[in-house]
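Okay, here's what each chain looks like letter by letter:
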Amino acid sequence: MHARSRNYVSESEACKLESIPLDFGDYHPLKPITVTESKTKKMNRKGSTSSTSSSSSSSMLDPLSSVLDGTDPLSLFAAAADPVTTTATMDSTRKKRDKDDSSAVGSDFEPWSSKRGEILARYTTTEKLSIVSGSFSRKATTTGSAVSEKVRTRLEELDDLEEGSQKELLNLTQQDYMNRIEELNQSLKDAWSSDQKVKALKIVIQCSKLLSDTTVIQFYPSKFVLITDILDTFGKLVYERILSMCVDSRVPLPDNFSPESVNDTAKETCLNWFFKIASIRELIPRFYVEAAILKCNKFLSKMGISECLPRLTSMIRGIGDPLVAVYARAYLCRVGMEVAPQLKESLNENFFDFLLTFKQIHGDTVQNQLVVQCVEIPLYLTLYSPAIDWILQCIAYRAPEVLLTEMMERCKNLGNNALLLNSIMSAFRAEFIAARSMDFIGMIKECDESGFPKHLLFRSLGLNLALADPPENDRLQILNEAWKVITKLKNPQDYINCAEVWVEYTCRHFTKREVNTVLADVIKHMTPDRAFEDAYPQLQSIIQKVITYIYDFSLLFSVEKFLPFLDMFQKESVRVEVCKCIMESFIKHQQESTKDPVILNALLHICKTMHDSVNALTLEDEKRMLAALINGFIKMVSFGRDFEQQLSFYVEARSMFCNLEPVLVQLIHSVNQLAMETRKVMKGNHSRKTAAFVRACVAFCFITIPSLSGIFIRLNLYLHSGQVALANQCLSQADAFFKAAVSLVPEVPKMINVDGKMRPSDTFLLEFLCNFFSTLLVVPDHPEQGVLFLVRGLLNVIQDYTWEDNSDDKVRIYTNVLHLLSAMTQEVYIYHVDKVDSNDTLYGGDSKFLAEINKLCETVIAQILDHLKTLGKEETLKRQSQLALYLFNTILAHGDLRNNKLNQLSVNLWNLAQKHGFADTSTMVTTLEYIKKRSKQPEMSHFTDLALRLPLQSRT
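The protein chain is annotated in an unreviewed UniProt entry as VPS35 endosomal protein-sorting factor-like from Melopsittacus undulatus. Under Subcellular location (unreviewed entry), UniProt gives the following word-for-word description of the protein chain: "Endosome". Entered under Sequence similarities (unreviewed entry) in the UniProt record, the comment concerning the protein chain runs "Belongs to the VPS35L family."

Here it is as structure tokens:
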């Protein structure tokens, strides 16, 4: 192949786009488009004149929509005729109404559903439970009986339930009990769906009676949660049943309907339900069932709910057991907040009633019951917490600050009861509590610690102070008062639960000195008897809070007790999670690179901990995450102009993180970058010292690359590192990298793993070799090796490589080799490496050198033509056509077509591409037009003769 001479500068100038000055005027591509609508009014046909008016509008009008006024008569007709549509409309309206009702209290109100799971998990028992199960047999009724007979029958059925038609199931485990409750809930739904309303009511009454049983007292809060789920279901079923009776002429009630819009049938049904409930003899089931359908009062009168709430509040006064009574009050508050959150007066009265009866807790009846059940008073008092917390949450919701003052006064009147004080601090806004922090500390000090420990009160106060700031003058005194109590705690679990909360307060408002004191105290309490092993979640939380507020790592690691605190994480999985947390914070907050030895030593230790956790069972995702964190740290380390110290750091990091391949890859890139920075500082003119340093960097990469497992990672790093060595005039080292890359090519497997999937490697190999060829253009020949020894070695490897039978990648690679060889024959190469003489300078266009290149070209073209011959079978003719055209274009771009042999070869390839009708006609036409256009350029007249010899053949 005879390559044509190229003048790259003139070609580049010729290919540039012609610059033409443009006058945009008012046009701007970001200016909004205005659509102009033309309205044409036709006149009489005789005159053939028309009047046109134009108006601007932002959008085009739809004539069909305007005629129909936005309505579709067919849809309207179908909606009127189809009852399913009506039902769907009612359902959507009901859902909307339910949504509106639930949103009446706002999203900042924590719903009961979020507390449900916590209560069930906390209040459990291993004792045996009992449950009363009714025999819900439905008695046959005589057809055609009178209404009065029907009513009497239903009343008898209710009496049956109360007079002994039920049996008691004993010795149930907690799970059996919960399963039985769930069965009752399902029975309620089944009975309702099968129109057995009395049976449904009987189930609800039976469940409500269970709330008067406190024989297993520590399970009572969970029992309350389970039973009230059934009551809620019942209340919803009754309300939706009555609501469905209010639909008149398929038009559902509006969201805020008035009792006047409810028809008589619905009102009568509603009254019937209240009368049935009023006939229940026992107080507790009567209260709970009526509270469950409290919302139904909306159908009867506007003031129904506001009148019922005080009455239900008064009913609770008849419940003797204080625990049962407080949960009844909690349920009333729960229902009240759902149906009438504006009626806070009734809720307040409910709570004040509870305060009046609070002394019952310490009465003889309760004390005797606790003795029988072997329950201590501190445990008993915790049973009240969910109910009191809920009641106070309802009262405190969006309440003014004055109410907190009133509650604090009432609490003082009760002798600063700890249980009540804890609930007050949990319920009211953190801003209100924080502003009165010293008042609360005074009340906590005066509390009786026998029933409810003070450290829990300080914990609740600390939770508020984590959300809101106390007065600045009180902050240190608050911390001192709280920590006096916390540090005296003997139980490690009690201690760490409180310390965890107050660490955040300390970090927010104080310096590293106070934080260090707190951490030292935690270490002192949690180290004896390895108590920290049972407190890893709390210790992790402390670390998270410290690095959240102290994200200046030079300050963080100057906290003397921080690293000893980390030593308490002895369990490897937890230790690694903590290290990951610290490294994520460092990468997120560290804005500038660092060389601080304190930070480097500490973070190297942390990264080493993460690295050493990797083993054969570690998941790939975990390895990637750990490697990304370590790489983030490595990138942030910089010793400025002290390049030797920087290289020493990379050497140390390589020895520490040898099991994570992405980290080694990053280190190689970092060292290559270090070598290029050295070159930049020296402006390409290395001194003896910098030359030795750069060779040390190159040696680092050459030693590290073989330890990597990914074949293409190694190939690309050899190429990249060789380019860096070449740029720094390390010619022998560059040759070593390129030779290593050549020798590695035969090891490339047919399939490689890419993101967990096996893919053919041909595409990746082709991409790599093209990049390699681009580099080889500027690599000078070794004086002791033959001409183009690297190119020859690479061609031999390509020749011996086993390619897929149906692959043409080998030919495409050979074609790219022709591009390289053509560029090598030019007097001046298209690009160079600064301070490195390439072969154009070394050989100076020597005829022997050019002859060697021509021999290589002939050999490569022969290989390509041999491959084209093997594609002569019918199933491979399309591939033959494509490759023939590909080689033709290569000769056209790089060959000297004044050579007769090359000219004839190009004509033969053109004909072969079209021979069997697989050539794309448009491509062939475009190519021929290009040749004709080129023939008009200076020194390209021979293209005219070539164009005449290239016929266009039709596919037929």
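## Brief notes about the overall build of the protein chain
Looking only at helices and strands, one finds 45 helices and 6 strands in the protein chain. A buried classification covers 48% of the 956 residues belonging to the protein chain. Looking at the protein chain alone, contacts between residues at least 24 apart form 73% of all its contacts between residues at least 6 apart. Summing over all exposed atoms, the protein chain offers an accessible surface of approximately 49400 Å²; the carbon and sulfur share of this is 52%.

## A few points about the nonpolar core
In this structure, F351, W502, V522 and F633 are the most contacted members of the largest nonpolar core, which totals 310 residues. Excluding anything up to four places from it in sequence, V522 contacts Y495, I496, A499, L539, I542, F565 and M568.

## Things to note about helix α39 (residues 809–824)
Across its 16 residues, α39 extends 23 Å between first and last C-alpha, which sits within 8% of the 22 Å expected from 1.5 Å per residue. Of all 16 residues in α39, 14 are buried, a share of seventy percent or more.

## Quick word on the environment of P492
Its location among the elements puts P492 in helix α24 (residues 492–509). Accessibility expressed as a relative area gives 30% for P492, which makes it partly exposed. Considered as a pair, P492 and V522 are 30 residues apart in the sequence and their alpha carbons are 9.5 Å apart. Ignoring sequence-local partners within four residues, the contact set of P492 consists of M526 and A531.

## Side note on the state of the cysteines
What the rule picks out here adds up to 0 disulfides. Free of any disulfide, C270 has its nearest cysteine sulfur in C296, 5.1 Å distant. Looking at C270, the relative accessible area reads 0%, which means it is buried. Between C411, a cysteine without a disulfide, and C447, which holds the nearest cysteine sulfur, the sulfur-to-sulfur distance is 6.5 Å.

## What about the side chain of K545?
Looking at the secondary structure, you find K545 in helix α26 (residues 536–549). The contact partners of K545, leaving out residues within four places of it in the chain, are E500, V501, E504 and C507.

## As for the packing of aromatic side chains
All chains considered together, the criterion is met by 40 aromatic pairs. Ring geometry for W192 versus W273: centroids 5.7 Å apart, planes at 20°, classification stacked. Of this pair, W192 sits in helix α7 (residues 174–193) while W273 sits in helix α10 (residues 264–278), and the two are 81 residues apart along the sequence. Look at W273 and you get buried, because its relative accessible area is 5%. By the ring-pair criterion, three or more aromatic residues cluster together here, those being F109, W112, Y220, F224, F287, Y288, Y327, Y331, W390 and Y397. For K276, the ring lying beneath its charged end belongs to W273, and the centroid distance is 4.6 Å.

## A look at the pairing of strand β5 (residues 751–754)
When β5 meets strand β6 (residues 757–760), the two strands line up antiparallel, connected through 4 bridges. Paired with I752 across the bridge in β6 is R759. The loop that links β5 with its antiparallel partner β6 comprises 2 residues; one of these, D755, has a positive phi angle of about 55°.

## Some thoughts on the confidence of the model for the protein chain
As a general rule, the predicted coordinates of low-pLDDT regions are not to be interpreted in detail. In the predicted model, the protein chain carries a mean pLDDT of 84, and 86% of its residues have values of at least 70. Note on residues 39–61: pLDDT under 50 across the span, and 26 contacts to partners over four residues away in sequence or across chains. Scored below 50 in pLDDT, residues 65–70 shows 2 contacts in the model against residues more than four places distant or in partner chains.

## Quick notes on the pattern of salt bridges
Counted under the stated rule, the structure contains 31 salt bridges. The partner of R513 in a salt bridge is E514, with the nearest N and O atoms 3.3 Å apart. One continuous salt-bridge network, built from bridges that share partners, spans R317, R329, E349 and D353.

## Brief notes about helix α17 (residues 385–396)
For α17, with 12 residues, the first-to-last C-alpha span of 16 Å sits near the 16 Å given by 1.5 Å per residue. Counting buried positions along α17 yields 11 of 12 residues, so the element is predominantly enclosed.

## Side note on the packing of helix α8 (residues 197–209) against helix α9 (residues 220–245)
It is at 9 Å that the axes of α8 and α9 come closest, and there the two elements cross at 150°. One way to sum up the angle between α8 and α9 is to call them roughly antiparallel. The element α8 and its partner α9 pack so that their crossing is left-handed. Across from K197, L201, V204, C207 and S208 in α8, the residues of α9 making contact are I227, I230, L231, F234 and R241. Here the residues of the contact of α8 with α9 are counted per class, giving 7 nonpolar, 1 polar and 2 charged.

## Some words on the packing of α39 against helix α41 (residues 847–870)
At a minimum axis separation of 10 Å, α39 and α41 run at an interaxial angle of 160°. Classified by the interaxial angle, the pair formed by α39 and α41 is roughly antiparallel. Like other packed secondary-structure pairs, α39 and α41 cross with a definite hand, here left-handed. For the pair α39 and α41, the contacting residues are V811, Y814, T815, V817, L818, L821 and M824 in the first and F849, I853, L856, C857, V860, I861, Q863, I864 and H867 in the second. Partitioning the contact of α39 with α41 into residue classes produces 13 nonpolar, 3 polar and no charged.

## Structural notes on the environment of K588
Examined against the element boundaries, K588 turns out to sit in helix α29 (residues 572–589). C-alpha separation for the pair K588 and Y551, spaced 37 residues apart in sequence, amounts to 9.1 Å.

Conventions and cut-offs
Note on numbering: residues in each chain are counted from 1, in written sequence order. For a predicted model such as this one, the threshold for reporting local features is a pLDDT of at least 70, and the threshold for listing and counting side-chain atom pairs is 80 or more; totals across whole chains, interfaces and linings nevertheless cover every residue. Computation of side-chain values: all heavy atoms of the structure, hydrogens and water removed. UniProt positions are given in the numbering used here, feature names are shortened, and annotations may be inferred rather than shown by experiment. Numbering goes from the N terminus for both helices and strands, where a helix is a DSSP run of H or I of at least four residues and a strand is a run of E of at least two. Burial classes follow relative accessibility: with a 1.4 Å probe on protein chains only, a residue under 20% of its type's maximum area counts as buried, one over 50% as exposed, and anything between as partly exposed. It only takes one pair of heavy atoms within 4.5 Å for two residues to be counted as in contact. Here the open area of atoms and residues is found with the Shrake-Rupley method and a 1.4 Å probe, where only the protein chains shown may cover a residue. The nonpolar core is taken to be a set of buried Ala, Val, Leu, Ile, Met, Phe, Trp, Tyr and Cys residues, with the residues joined through side-chain atoms within 4.5 Å. By this rule the span expected of a helix is its residue count minus one, scaled by 1.5 Å. When two cysteine sulfur atoms lie within 2.5 Å, the pair is treated as a disulfide. Here a pair means two rings of Phe, Tyr or Trp (six-membered ring of Trp) with centres within 6.5 Å. Their orientation is stacked below 30 degrees between planes, edge-to-face above 60, and tilted elsewhere. Each ring is checked for a lysine NZ or an arginine CZ that lies within 6 Å of its centre and within 35 degrees of its normal; such an atom marks a charge sitting over the ring. Being paired, for any two strands, means DSSP has found at least two bridges between them. Every residue carries a pLDDT, the predictor's confidence in it, which falls somewhere between 0 and 100. In what follows, salt bridge is the name for a side-chain nitrogen of Lys or Arg lying within 4 Å of a carboxyl oxygen of Asp or Glu. Lines fitted to C-alpha atoms define the axes here, with helix axes fitted over just the stretch in contact, and angles between the N-to-C directions of these axes take values from 0 to 180 degrees. In these notes the angle categories are as follows: under 35 degrees is roughly parallel, over 145 is roughly antiparallel, 65 to 115 is roughly perpendicular, and the rest is oblique. Crossings are assigned a handedness: left-handed for a near helix turned anticlockwise from the far helix by less than a right angle, right-handed for a clockwise turn. Amino acids are sorted into nonpolar (Ala, Val, Leu, Ile, Met, Phe, Trp, Tyr, Cys and Pro), charged (Asp, Glu, Lys and Arg) and polar (every other residue, Gly among them).

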